[in-house]
Amino acid sequence: MIKIKNISKSFNDKSVLRNISGEFDKGKTNLIIGSSGTGKSVLLKCIVGLLHPDTGYAFYDLRNFTDADKDVKSEIRREIGMLFQGGALFDSKNVQENVMFPLDILTKMPYDEKLDRVNFCLKRVGLENVNKKMASEISGGMKKRVGIARAIVNNPNYLFCDEPNSGLDPQTSILIDELISEITHEFNITTIIVTHDMNSVLGIGEKIMFLHKGDKLWEGSNEDITHSGVKELDDFVFINKVMKSLKGTKLV
Amino acid sequence: MKEFGRYMIFLGSLVVRRETFITYYRLVVDECMQIGVKSISLFVLVSTFMGAVTTVQTAFNLVTPLVPRYVISQVVREMTVLELAPTIMAIIFAGKIGSSMAGGLGTMRITEQIDALEVMGINSSSYLVLPKIVASMLMYPLLVIVAGVCSIIGGYLVGTLTGILTPTEYIMGIRSIFNDYTITFALIKSVVFAFLIGSISCFKGYYTQGGALEVGIASTEAVTSSVIAVLLADYFLANLLL
Ligand SMILES: Nc1ncnc2c1ncn2[C@@H]1O[C@H](COP(=O)(O)OP(=O)(O)O)[C@@H](O)[C@H]1O
Ligand SMILES: [Mg+2]
């Protein structure tokens, strides 16, 4: 379980996040949603420590990560896996080396054991016989899969995904969403997904936090999202005529 | 000036060590290979021609028969050791290696590969940049030595094949009134230049923001800024050490 408390962040006097608090549950796919530029990525970066929030803290199972000393920080970092928007694979390495990299850095496992683990993870995301392909040679959807394999290779307790299906066709998007959701339940991971894709919201939104221009305006599940009574959220959800005609009904 | 301050902070962040020595050792060896393979052919080509051209032009300018012809190769040697090999090659090095360092790091930044390293708890600046700078400082002096030798051979080939001077005269010129401090000076210069090119290029690449266009800009700026730094350093070192 991850808990955030009063997180605020500004860049050069431009306030991007204001007092965001909330909880993300273990074994569930937790979503942070909102339109582009509302600060979703910034919030995620504050939670994983790529940015330091101006105020507020992130707690990983009651351990304060934001103000932790070096040892606690690196202990928590070992339990984190992250999937980046474009996959963020290292282009100087092949698929196998990419997935093995966290094990090289974070563990002292012998090579054979690492290789077994890498092959297990690649198989889990539906990739076989691509070990020796370079990161630049594979398609966008495959890059995401390799990214997921790399994120879960060290058995994380926490998984973070920034827009996991941006740049993918709708079918591949849904496959990736389902893969993340399955892995979350199978390994009982606390997963936080940043997205603005309504398909994902309705498909895997077990717990949803809605951000609008730096404020948290709503929190709930995909079952309640269509009758939240929050105007900004309605504007976000009912984007087209088909969706508008469903307003007030129960979608999931 | 603000940029200079950020550059200094950047240099500071490199030496906050996190990884084991063996990791850095592997990365440095890797970078050395890359630098060597990428630049050796260009260095040989350019320096051979530089030696050749210097020979022809010096011969052309020495019209009076009062000056013995072996002076030509003596001039070639002095020019090569003092300026052509360390400084001109530094400009080539910046164009070839500096731009590729900045481009590579810039791409890693905009595709979030650097963030991915940070999430795993790696000090990305020291992990990515330090090996590049160290490898430059190791490899560039070696490349300068190769370039110097090639330049003198180039001069020899052109000088003797076109009949400007005889092989004996050329060798005699190369060996006459030789001050070996010039070699030391050239090597000191190479190490300093390599540090400047490596660190400035990495700095420009590491702090890229935006997209592919900005990576291109960072790459160009890396070359411009490091060439300017090299020329300034050349002037100061000449004042300081000669
Ligand atoms: N490093 C940064 N420096 C300055 N401004 C930033 C930085 N990162 C993000 N921002 C600004 O914060 C706002 C929110 O960005 P972001 O979190 O990326 O939005 P999104 O919700 O689309 O992920 C944007 O207006 C962006 O310009
Ligand atoms: Mg974003």
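Look up: the structure comes first, before these words.
Reading the values: the criteria
Counting from 1, residues in each chain are numbered in the order their sequence is written. Chains carry letters from A onward and ligands carry numbers from 1 onward, assigned in written order. For a predicted model such as this one, the threshold for reporting local features is a pLDDT of at least 70, and the threshold for listing and counting side-chain atom pairs is 80 or more; totals across whole chains, interfaces and linings nevertheless cover every residue. The side-chain values count all of the structure's non-hydrogen atoms but skip hydrogen atoms and water molecules. At least two bridges found by DSSP between two strands is the condition for calling them paired. Counting from the N terminus, the helices are DSSP H or I runs at least four residues long and the strands are E runs at least two residues long. Only heavy atoms matter for contacts: two residues are in contact if any of them lie within 4.5 Å across the pair. To obtain an axis, a line is fitted to C-alpha atoms, over the contacting stretch when the element is a helix, and the angle between two such axes runs from 0 to 180 degrees between their N-to-C directions. Oblique is the label for any angle not under 35 degrees, not over 145, and not in the 65 to 115 range, which are roughly parallel, roughly antiparallel and roughly perpendicular in turn. A clockwise turn of the near helix away from the far one marks a right-handed crossing, whereas an anticlockwise turn of less than a right angle marks a left-handed crossing. Think of it as three bins: nonpolar holds Ala, Val, Leu, Ile, Met, Phe, Trp, Tyr, Cys and Pro, charged holds Asp, Glu, Lys and Arg, and polar takes everything else, Gly as well. Exposed residues in this analysis have more than 50% of their type's maximum accessible area, buried residues have under 20%, and partly exposed residues fall in between, with area computed by a 1.4 Å probe over protein chains only. Within this analysis, patches are made of residues with over 30% relative accessible area and no salt bridge. Like charges are joined at 9 Å or less; nonpolar side chains (Val, Leu, Ile, Met, Phe, Trp, Tyr) at 5 Å or less. All accessibility values rest on the Shrake-Rupley procedure with a 1.4 Å probe; residue burial counts only the protein chains present in the view. Salt bridge, as applied in this entry: a Lys or Arg side-chain nitrogen positioned within 4 Å of an Asp or Glu carboxyl oxygen.

### A closer look at the sheet that holds strand 4 (residues 55-60) of chain A
Residue and element names in this part refer to chain A.
- The four strands lie next to each other as 2-1-4-5, forming an open sheet whose pairing is antiparallel. The sheet is open, and its two borders are formed by strand 2 (14-24) and strand 5 (63-64), each paired with just one other strand.
- Strand contacts of helix 1 (residues 40-48): strand 1 (2-11), strand 2 and strand 4, with the helix running at about 120° to strand 1, the strand carrying the most contacts.

### Looking at the packing of helix 3 (residues 95-106) of chain A against helix 4 (residues 111-124) of chain A
Residue and element names in this part refer to chain A.
- In the contact formed by helix 3 and helix 4, the axes pass within 9 Å of each other and the chain directions differ by 120°. Relative to helix 4, the element helix 3 lies oblique. Read as a crossing pair, helix 3 and helix 4 show a hand that is right-handed. Between helix 3 and helix 4, the residues in contact are Val95, Gln96, Val99, Met100, Leu103 and Asp104 and Tyr111, Lys114, Leu115, Arg117, Val118 and Leu122, respectively.
- Taken together, the residues of the contact of helix 3 with helix 4 break down into eight nonpolar, one polar and three charged.

### A word on the pairing of strand 10 (residues 215-220) of chain A
Residues and elements named next belong to chain A.
- Examined bridge by bridge, strand 9 (residues 207-212) and strand 10 share five bridges and lie antiparallel to one another. If you follow His212 over to strand 10, its bridge partner there is Asp215.
- Counting the residues that bridge the hairpin from strand 9 to strand 10 gives two residues, and of these Lys213 lies at a positive phi of roughly 45°.

### Topic: unusual backbone geometry
- The phi dihedral of Asp61 of chain A falls on the positive side, at around 45°, and the residue is not glycine.
- Counting through the fold element by element, Asp61 of chain A comes out in the loop between strand 4 and strand 5.
- Among the residues examined, Asp61 of chain A registers a relative accessible area of 32% and is labelled partly exposed.
- Although it is not a glycine, Glu112 of chain B adopts a positive phi angle of roughly 65°.
- The topology assignment puts Glu112 of chain B in the loop between helix 3 (70-110) and helix 4 (113-119).
- On the basis of relative accessibility, which here comes to 11%, the residue Glu112 of chain B falls in the buried class.

### Some remarks on a nonpolar patch on the surface
- On the surface, Leu142, Ile145, Val149, Ile153, Leu157 and Leu161 of chain B cluster together to form a nonpolar patch covering roughly 580 Å² of accessible area.
- Following the sequence through the fold, Val149 of chain B ends up in helix 5 (residues 124-161).

From the geometry alone we can't say anything about function, so treat these as descriptive.
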